[in-house]
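Examining the three-dimensional arrangement
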Amino acid sequence: MREVIQIDYGRFLLIYLLLLIVLAVMKKCKMQQSKLLLLGSVQMTVQLVIAGFLLTYIFENPKPIYTIAYIILMISFAIYRVLSKNKELNLKFKLYIASTLSISGIGIIVFFIVVVVNENLFNPQYAIPLSGMIFGNVMTGLNLGLKTFRESIDTERNKMEALLNFGGKPNDILRPFVFQALETALLPTINSMVGMGIVSLPGMMTGQILSGTLPTTAILYQIAIMIAITTVVCFSVFGSLYLGYQTLYNSNAQFNF
């Protein structure tokens, strides 16, 4: 297979012209998100440029400490993003979220690299990109699951109080919201799995093919990473909500949210 074609900086900058089309449509539709789009584009560019320089240095100096530090940075950022969108949760709930996200993510990454790929755990070529995909999807899944859980509680608050007054147990009242939130969090990942290979060629597979990897090898990696992502999202969302909802009532069976 041919080597990937390098994009020079001048031609690369042309891609930003496409944002003008998006901005024109947004203005036509009187959408108020133009500043957010521009800010997001700038932030994405800056963050990825910095990441590019860091990864280049790490790949040229493949020491375990650098790989570990970068993964810790990703985990910390993912936790920050999730907790910043759920500030009203109590401290114990937040600790469950952080610990479940970290433990489930690291556990699946170790299994994927050591058992499935059969590679050195600290090889940055595998550890960092795979960690990025896994923790990025976990961050999205957790935000979606927590949003659904919180909105369900806010909507059904009066009904929950009535059930409690009629002798219902707090865990029996809250547990259905956990299951509903988990289903909502998993749905985007499952839908992407259903359409994969027919409707779309996923990012990891596309990147590997562009870099010269055989499509058959890229397919195996893509299937494996999608199953890993689904598992981590399931574990992290279910663990966070199942442990976290128990902090929303006290020993007297009273809600404290």
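Just so we're clear, the structure is a prediction, and the values are computed from it rather than from any experiment.

Glancing now at the overall build of the protein. Of the regular secondary structure elements, the protein holds ten helices and zero strands. Shown N-terminal to C-terminal, the secondary structure of the protein runs as helices and strands in the order α-α-α-α-α-α-α-α-α-α. Across its three principal directions, the C-alpha atoms of the protein cover 70 × 50 × 35 Å. Counting only contacts in the protein whose residues sit at least 6 apart along the sequence, the fraction spanning at least 24 positions is 72%. When the accessible area of the protein is evaluated, it comes to approximately 16100 Å², of which 67% is carbon and sulfur surface. Side-chain charges of the protein comprise 18 positive and 11 negative groups, with the mean position of each set lying 8 Å from the other.

There is a patch of nonpolar side chains on the surface, built from Ile7, Phe12, Leu13, Ile15, Leu18, Ile21 and Val25 and spanning about 690 Å² of accessible area. If you list the elements that add at least two residues to the nonpolar patch, you get α1 (9-13) and α2 (17-28). With three residues, α2 is the single largest residue contributor to the nonpolar patch. With respect to the helices, strands and loops of the structure, leucine 18 is situated in helix α2. The partly exposed category is assigned to leucine 18, whose relative accessible area is 48%.

The backbone of lysine 30 shows a phi angle near 55°, a positive value even though the residue is not glycine. With a phi close to 60°, asparagine 118 is a non-glycine residue in the positive phi region. Residue position: asparagine 118 is located in the loop between α5 (91-117) and α6 (124-155).

Taken as a whole and assessed by the stated rule, the structure comprises five aromatic pairs. A ring pair is formed by phenylalanine 12 and tyrosine 16, whose centres lie 5.8 Å apart and whose planes are at 90°; its orientation type is edge-to-face. Relative accessible area serves as the criterion here: at 38%, phenylalanine 12 is assigned to the partly exposed category. The exposure class assigned to tyrosine 16 is partly exposed, which follows from its relative accessible area of 26%. Three or more aromatic residues joined by ring pairs form one cluster here, namely Phe238, Tyr242 and Tyr245.

Let us now look at the pattern of salt bridges. Applying the stated rule across the entire model yields five salt bridges. One salt bridge connects glutamate 88 with arginine 150, and the closest N-O pair in it is separated by 2.2 Å. Here the residue glutamate 88 occupies a position in the loop between α4 (64-84) and α5, and arginine 150 occupies one in helix α6, the gap between them amounting to 62 residues. Overall, the relative accessible area of 51% leaves glutamate 88 in the exposed class. Close ionic contact of glutamate 151 with lysine 147 constitutes a salt bridge, the shortest N to O distance being 2.7 Å. On the criterion of helical spacing, the pair formed by glutamate 151 and lysine 147 is a turn pair, its members being four residues apart in helix α6. Overall, glutamate 151 belongs to the partly exposed group, its relative accessible area being 41%.

Take the side chain of serine 104 next. Tracing the backbone shows serine 104 in helix α5. Side-chain polar atoms of serine 104 contact the backbone oxygen of leucine 101, separated by 3.4 Å. Aside from chain neighbours lying at most four places away, what touches serine 104 is Val232, Phe235 and Ser236.

Between two packed helices, what matters for the description is the angle formed by their axes and the separation of those axes. Where α6 contacts helix α10 (residues 215-244), the axes come no closer than 9 Å and their chain directions differ by 40°. Between α6 and α10, the interaxial angle falls into the category oblique. Here the hand of the crossing between α6 and α10 comes out right-handed. Residues Tyr126, Leu130, Met133, Ile134, Asn137, Val138, Gly141, Leu142, Gly145, Leu146 and Phe149 of α6 lie in contact with α10, whose contacting residues are Tyr221, Ile225, Ala228, Ile229, Val232, Val233, Ser236, Val237, Ser240 and Leu241. Within the contact of α6 with α10, the residues separate by chemical class into 16 nonpolar, five polar and no charged.

Criteria and cut-off values
Residues numbered from 1 in each chain as written. Predicted model: local features only at pLDDT ≥ 70, side-chain atom pairs only at ≥ 80, totals over all residues. Heavy atoms only, no water. Helix = DSSP H or I, 4+ residues; strand = E, 2+ residues; numbered from the N terminus. Contact = heavy atoms within 4.5 Å. Areas by Shrake-Rupley, 256 points an atom, 1.4 Å probe, with all protein chains shown as cover. Lys, Arg positive; Asp, Glu negative; His and termini not counted. Charge placed at Lys NZ, Arg CZ, Asp CG, Glu CD. Patch = residues over 30% accessible without salt bridge, like charges linked within 9 Å, V, L, I, M, F, W, Y side chains within 5 Å. Salt bridge = Lys/Arg side-chain N within 4 Å of Asp/Glu carboxyl O. Buried < 20%, exposed > 50% of the residue type's maximum accessible area, 1.4 Å probe, protein only. Phe/Tyr/Trp six-rings, centres within 6.5 Å; stacked < 30°, edge-to-face > 60°. Polar contact = N/O pair within 3.5 Å; in protein donor to acceptor, adjacent residues only side chain to side chain. Axes fitted to C-alpha atoms, helices over the stretch in contact; angles between N-to-C directions. Parallel < 35°, antiparallel > 145°, perpendicular 65-115°, else oblique. Left-handed = near helix turned anticlockwise from the far one by under 90°. Nonpolar A, V, L, I, M, F, W, Y, C, P; charged D, E, K, R; others polar.

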